[in-house]
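# Coordinates in review
Listed below are the residues making up each chain.
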Amino acid sequence: MATNELEIILTQQFADCLSLPVFLTDPKGNLLFYNEPAEEILGRRYEETGALPVEKWAVIFKPKDASGNPLPPSDLPLVKTINNHQPAHGSFWIESLNGKKFYLSVTSFPIIGRANRYLGAMAVFWQEKT
């Protein structure tokens, strides 16, 4: 990671210890990190994808609603949080980078640093039974 605020560095360390899949973004929505449980669902190690801009990660996993219709990036919980700095939640289908399909529930929330500075967002997600 490039030089990041202490809160972001600590959030990444925390995410690395969680058993739930986690995405971590900067204030502009650039993907800074995802943990090992996320790698299993997404089908690619973070070291292989590296940091990704929101325009890429929001579509690379081909998100679709429960009816199979493509979801625009603006409907994804993490993108909503990036745009309005408020928590968001939703469920949708993705296709991993190795072709597996997963129905996920995602909860995202802003990371607010000292002096109420918006530093990015974090999404926690899990596979739902269908």
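Residues numbered from 1 in each chain as written. Predicted model: local features only at pLDDT ≥ 70, side-chain atom pairs only at ≥ 80, totals over all residues. Heavy atoms only, no water.

## Observations regarding the confidence of the model for the chain
The pLDDT averaged across the chain works out to 92; a share of 97% of its residues lies at or above 70. No element of the chain has a lower mean pLDDT than helix α4 (residues 54-60), which averages 88, and none a higher one than helix α5 (residues 77-84), which averages 97. (pLDDT = per-residue confidence, 0-100. Helix = DSSP H or I, 4+ residues; strand = E, 2+ residues; numbered from the N terminus.)

## Let's talk about the side chain of Asn-35
You can see Asn-35 is positioned in the loop between β2 (31-34) and α2 (36-42). Judged by its relative accessible area of 0%, Asn-35 is buried. In this view, Asn-35 contacts Ala-15, Asp-16, Leu-18, Leu-20, Pro-21 and Val-22; residues no more than four positions away in its chain are not counted. (Buried < 20%, exposed > 50% of the residue type's maximum accessible area, 1.4 Å probe, protein only. Contact = heavy atoms within 4.5 Å.)

## Digging into helix α1 (residues 6-17)
Between its first and last C-alpha, α1 extends 17 Å over twelve residues, near the 16 Å set by a 1.5 Å rise per residue. Residues of α1 that are buried include every one of Glu-7, Ile-8, Thr-11 and Ala-15, and no others. Axial view of α1: buried residues confined to an arc of 95 degrees, hence all on one face. Exposed residues lying more than 90 degrees from the buried face of α1 are Leu-6 and Cys-17. Buried residues belonging to α1 abut β1 (22-25), β2, β4 (101-112) and β5 (118-127). (Expected span 1.5 Å × (residues − 1). Arc of directions from axis to C-beta.)

## Brief notes about the sheet that holds β1
Paired through backbone hydrogen bonds, the strands of a sheet run either parallel or antiparallel to each other. The strand order across the open sheet built from five strands is β2-β1-β5-β4-β3, with neighbouring strands paired in antiparallel fashion. Each edge of the open sheet is held by one strand with a lone partner, namely β2 and β3 (88-95). Neighbouring strand axes in the sheet, compared pairwise and without regard to direction, differ in orientation by 25 degrees on average. Packing against the sheet, α1 makes contact with β1, β2, β4 and β5, and its axis sits at approximately 10 degrees to β5. Set on the sheet, α5 makes contact with β1, β3, β4 and β5; between it and β5 the angle comes to about 165 degrees. (Pairing = 2+ DSSP bridges. Axes fitted to C-alpha atoms, helices over the stretch in contact; angles between N-to-C directions.)

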